[in-house]
Amino acid sequence: MGRLSPGVGQELRCRGWRQEGILRMLENTLHNAERPEDLVVYGGIGKAARDHASLDAIIAALHDLGDTETLVVQSGRPVAVMPTSLVAPRVLIANANLVPRAATREEFFRLSDAGLTMHGQYTAGSWAYIGGQGIVQGTFETFAAAAERAFGGDLRGRIVLTAGLGGMGQPQGRAVRMNGGVALIAELNRALVEQRRASGAVDEVFDDLDSAWRRAEELARAGTARVLAVTQNAADVAERLAGTGRIPAIATDQTSAHDLLNGYLPAALTFEEAGRLRLADPEAYLRRSEATVLRHVSALLSLQRQGSVVFEYGNDIRQAARRLGHEDADAIPGFVPEYIRPSFGVGRGPFRWVCLSGSIADRDRLDRAARSLFPDDARLNTWLDRAADETPIEGLPARICWLGHGQRRAMALEINRLVSTGELSGPVAITRDHLDSGSCAYPTRETEKMPDGSDVIADWPYLNAMLNVAGGADLVAIHQNAGIIGGSVSAGMTVVLDGTDVSDARARICFENDPAIGVVRHASAGVPEALAYLPGSGIRAIEVVA
Ligand code: NAD
C-alpha cells in the first residue's frame, strides 16, 4: 500500500464537511504514520485501524455517512452506523478497552493476535496524529520548564542526553535546540537516523560515542544549539557516559520502553539482528530486552547521582524496570508532576488546529489570530516565533498551541468566525492529545503523584468523553493502554469547524467543558494552581464538604 495522502481543497467526497473533516484527519494520521503498510502510526504498535479491510470499510462508511448518523468503531473496526442527531458526534470510537482484571499484556496480545482488538495509543486510534507538528510543543515546554527550574534559564551551553528518534522521540532534539542546548540522541535504527537528518530533526550523525561526546562538548562550550545522533544502544550510551564521568546536564529517554518486545531494542544486537530475533524467538528477545532496560535505568540513576537532571518522559521505562525488580527506579521523577501539572491545573494543554484545506496560508493566518488574541501570553508567543522553523509541515498544515481554559474557547470561536467570513480557505479541525488536563488517568504519567493520591481513578476521562459527546464534538474516543497494557484510560476528541452557527454552538460548549473538567479534576485533587484558578473561572464546580 502506498502512503495515503489526505484530501485537500474544497471538494467534498462525503455528505458534509464534518464527515469529510474526520476522513481527512484519518488520512492525515496514516499519511504521517511510521509504518503505514501495517497501519502503525507511532509508539511501536499504535494503529489507526485494525486491519486494511477495516480501514476500507471505515472510509466507505464515512463517504456515505449522513448528517444525523454516527459511525461506531470498536478497536479500529467499524461495527455500525446508528441514527443520532445533527449535533451528535459523527464518529464514536472505543479502542483497546478490556475489563480491569483482564487488562494484562498476555490477554491483550492474545486478543489482538486473534484479530479482536488493537492498540490505539492516543492520537493514532483517534485519528488526530499530526506527525512532528504535534509533540514538539509539549516537549519544548517540558525542557523549558526543566531548564528554568534547574539552571534558572535556557539550555544554552548544556548537553541533553536522550534516546529514540521515533515519532515521539524526534521532537526531543528539536525542543532542546529551540531551548538553545545540544541534544545527544542514541538511536539504533540507522535508516531512521538518516531520515531524521534529511528532515532537519538531526544535524550531525556519529557511529561512536567518544566522537559524539567530544563534539557535543565543543558545541556546548561555544553555546551552539545542535542535535547529534549516535547510532548506539541507549543503555550502552548511558552506561558508558555514567561510567566515565561524562555527565549531561539533563538525561531522559524516549525509546519505546513501554513495550519490551515490539518497541525496545536489546543491547549487543544491531537493529536488523534485533528484528530477526524478535520474529524467530520472541521469548529470547524479551529476556535480552529486560536485561538491557535494567542496565539502562541503573545508568540513568548513576547519571542522576552524578548531577544530571533525570526525568522520565512518559515511556514507562521506570515501570518496566520496577516490574523486573529494580528497587530504585522510582527515584527518577516523571515529567508531569515535575513540569506539566501546573499547566493542567488551569486547563492548559495541547490544543491544536488542522487546516483541512491543506493551505499553509490558512495556518499562517491562524498563527496571527492566536498572537492577536493572546498578546500577553509570553510562552505562546515565544513558541510561535520558533515553531515555523522547527515544525515542518507533515501532511495537513497544523499548529499546536498549549492553551488554557477560556483561551481554547476563544480561539475555537475565532477560527469558526474566520471560516465563516472566508478569511480561511476551508474548514478547520480542532483536536488534542489525550495527554491533557481532564482526559486521562495514567498513574505513571499524567496522574502520577496527584496530591490526594487519586492517581488511578479513571472516572475523569469517561466524564470528559461523555461531556464531549453531550457538547456535539465530531469524534469522541475512549482508549486504554497508551503505554503498558492496563496502564491508562484516556479520551480523545475532534471538532470540525465549518463556519456555521451550529459549529459555533458546538465549539462554545465543547471548548468550555473539555478543559473545564480538567480544572475540576485537578482542583478536586488539591492541585494548588487549580484551587487558585477555579473561583474566578466561571466554572460552576460543586464543593461537597463531607
Ligand atoms: P517508536 O517505537 O516509534 O520509536 C522508538 C525508537 O527508539 C525507535 O526508533 C527505536 O529504534 C529506538 N530504540 C528502541 N530501543 C532502543 C535502544 N535500546 N537503544 C537505541 N534506540 C532504541 O516510539 P515513539 O512513538 O517515538 O514513542 C516513544 C515512547 O514515547 C513510547 O514509549 C511512547 O509510549 C511514549 N510516548 C510519550 C508521550 C509523551 O507525551 N511523553 C506521548 C506518546 C508516547
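Keep in mind the model is a prediction, meaning the values are calculated, not measured.

**With respect to the overall build of the chain**
Right, on to step 1. Along the backbone of the chain there are 18 helices and 17 strands.
Right, on to step 2. Projecting the C-alpha coordinates of the chain onto the three principal axes gives extents of approximately 65 × 55 × 50 Å.
Right, on to step 3. For the chain, buried positions account for 61% of its 546 residues.
Right, on to step 4. For the chain, the share of sequence-separated contacts (at least 6 apart) that also reach a separation of at least 24 residues comes to 71%.
Right, on to step 5. When the accessible surface of the chain is summed, it comes to about 19600 Å², and 53% of that surface belongs to carbon and sulfur atoms.
Right, on to step 6. Counting 56 positive and 67 negative side-chain charges, the chain places the averaged centre of each group 1 Å from the other.

**Brief notes about helix α6 (residues 190-199)**
Right, on to step 1. For α6, the full list of buried residues reads L192, V193 and R196. Projected down its long axis, α6 carries its buried residues within an arc of 105°, all on one side. Facing away from the buried side of α6 by more than 90 degrees, the exposed set consists of A191 and A198.
Right, on to step 2. In the core, the buried residues of α6 are packed alongside α5 (170-178), β8 (204-206) and β9 (226-230).
Right, on to step 3. The distance from a side-chain oxygen at the start of α6 to the backbone nitrogen of A191 is 3.2 Å, and the residue carrying that oxygen is N189.

**Focus: the packing of aromatic side chains**
Right, on to step 1. Scanning the entire structure with this criterion turns up 10 aromatic pairs.
Right, on to step 2. On the basis of an interplanar angle of 55° and a centroid distance of 5.9 Å, the ring pair of F143 and F311 is categorised as tilted. Here the residue F143 occupies a position in helix α4 (residues 132-151), and F311 occupies one in the loop between β11 (309-310) and α11 (317-323), the gap between them amounting to 168 residues.
Right, on to step 3. Residue classification places F311 among the buried residues on the basis of a relative accessible area of 2%.
Right, on to step 4. Note on F311 and Y339: the rings are 5.3 Å apart at their centroids and 75° apart in plane angle, and the pair reads as edge-to-face. Linking F311 in the loop between β11 and α11 with Y339 in helix α12 (residues 335-345), this pair joins segments that are 28 residues apart in sequence.
Right, on to step 5. Take Y339: its relative accessible area is 11%, and that puts it in the buried class.

**A closer look at the site of the ligand**
Right, on to step 1. Inspection of the region around the ligand gives 32 residues, with G43, E187, S256, H258 and Y313 positioned closest.
Right, on to step 2. For the ligand, an oxygen atom lies 2.8 Å from a polar atom in the side chain of S256.
Right, on to step 3. Burial of the ligand by the surrounding chains reaches 95%, relative to a free accessible area of 860 Å².
Right, on to step 4. For the shell around the ligand, the per-class residue count stands at 13 nonpolar, 17 polar and two charged.

**A closer look at the pattern of salt bridges**
Right, on to step 1. Overall, the coordinates contain 44 salt bridges when judged by the stated rule.
Right, on to step 2. Among the ionic pairs, R226 bridges to E204, the shortest N-O distance being 2.8 Å. With R226 in strand β9 and E204 in strand β8, this pair connects stretches of sequence that are 22 residues apart.
Right, on to step 3. Overall, the relative accessible area of 25% leaves R226 in the partly exposed class.
Right, on to step 4. Of the charged contacts in the structure, one is a salt bridge between R365 and E423, with a shortest N-O distance of 3.2 Å. Residue R365 is located in helix α13 (residues 360-373), and its partner E423 is located in the loop between α15 (407-420) and β14 (428-432); the two are separated by 58 residues in the primary sequence.
Right, on to step 5. Where salt bridges share partners, they join R13, E20, R24 and E27 into one cluster.

**Points about the packing of α13 against α15**
Right, on to step 1. Contact pair α13 / α15: the axes reach a minimum separation of 11 Å and the direction vectors enclose 135°. Regarding the angle of α13 to α15, the classification is oblique. In the crossing of α13 with α15, the sense of the turn from one axis to the other is right-handed. Seen from α13, the contacting residues are R365, L366, A369, A370 and L373; seen from α15, they are A410, M411, E414, I415 and L418.

**A look at the sheet that holds β11**
Right, on to step 1. Strand order in the open sheet formed by six strands is β8-β9-β7-β6-β10-β11, and the pairing between neighbours is parallel. Of all the strands in the sheet, the pair left with one neighbour each is β8 and β11.
Right, on to step 2. The pairing of strand β6 (residues 159-163) with strand β7 (residues 182-186) spans five bridges and is classified as parallel. Bridge pairing in β7 places I159 opposite V182.
Right, on to step 3. Running at roughly 170° to β9, helix α7 (residues 209-222) makes contact with β6, β7, β8 and β9 of the sheet.

**Considering the nonpolar core**
Right, on to step 1. Counting 101 residues, the largest nonpolar core has L62, W127, W353, M411 and I415 as the members making the most contacts within it.
Right, on to step 2. Once residues lying within four places of it in the same chain are set aside, the contact partners of L62 are C14, Q19, I22, L23, L26, L71, V91 and W127.

**Here's the deal with the side chain of T255**
Right, on to step 1. Mapped onto the elements, T255 comes out in the loop between β10 (250-251) and α9 (271-280).
Right, on to step 2. Residue classification places T255 among the buried positions, given a relative accessible area of 15%.
Right, on to step 3. Not counting chain neighbours up to four residues away, the residues in contact with T255 comprise A163, G164, A234, Y264 and N315.

**Focus: the packing of helix α1 (residues 17-31) against helix α2 (residues 52-64)**
Two packed helices can be described by the angle between their axes and the distance between those axes.
Right, on to step 1. For the pair α1 and α2, the least separation of the axes is 9 Å and the interaxial angle reads 155°. Classed by the angle they form, the pair α1 and α2 counts as roughly antiparallel. Relative to α2, the crossing made by α1 is left-handed. Residues Q19, I22, L23, L26 and L30 of α1 lie in contact with α2, whose contacting residues are L55, I58, I59, L62 and H63.
Right, on to step 2. Of the residues that constitute the contact of α1 with α2, the class distribution is eight nonpolar, two polar and no charged.

**A short note on the environment of I542**
Right, on to step 1. Within the secondary structure, I542 is located in the segment after α18 (528-533).
Right, on to step 2. For I542, a relative accessible area of 76% gives the class exposed.
Right, on to step 3. Taking the C-alpha atoms as reference points, I542 and V520, 22 residues apart in sequence, are found 9.0 Å from one another.

Definitions and cut-offs
- Residues numbered from 1 in each chain as written.
- Predicted model: local features only at pLDDT ≥ 70, side-chain atom pairs only at ≥ 80, totals over all residues.
- Heavy atoms only, no water.
- Helix = DSSP H or I, 4+ residues; strand = E, 2+ residues; numbered from the N terminus.
- Buried < 20%, exposed > 50% of the residue type's maximum accessible area, 1.4 Å probe, protein only.
- Contact = heavy atoms within 4.5 Å.
- Areas by Shrake-Rupley, 256 points an atom, 1.4 Å probe, with all protein chains shown as cover.
- Lys, Arg positive; Asp, Glu negative; His and termini not counted.
- Charge placed at Lys NZ, Arg CZ, Asp CG, Glu CD.
- Arc of directions from axis to C-beta.
- Polar contact = N/O pair within 3.5 Å; in protein donor to acceptor, adjacent residues only side chain to side chain.
- Phe/Tyr/Trp six-rings, centres within 6.5 Å; stacked < 30°, edge-to-face > 60°.
- Near = heavy atom within 4 Å.
- Nonpolar A, V, L, I, M, F, W, Y, C, P; charged D, E, K, R; others polar.
- Salt bridge = Lys/Arg side-chain N within 4 Å of Asp/Glu carboxyl O.
- Axes fitted to C-alpha atoms, helices over the stretch in contact; angles between N-to-C directions.
- Parallel < 35°, antiparallel > 145°, perpendicular 65-115°, else oblique.
- Left-handed = near helix turned anticlockwise from the far one by under 90°.
- Pairing = 2+ DSSP bridges.
- Core = buried A, V, L, I, M, F, W, Y, C linked by side-chain atoms within 4.5 Å.

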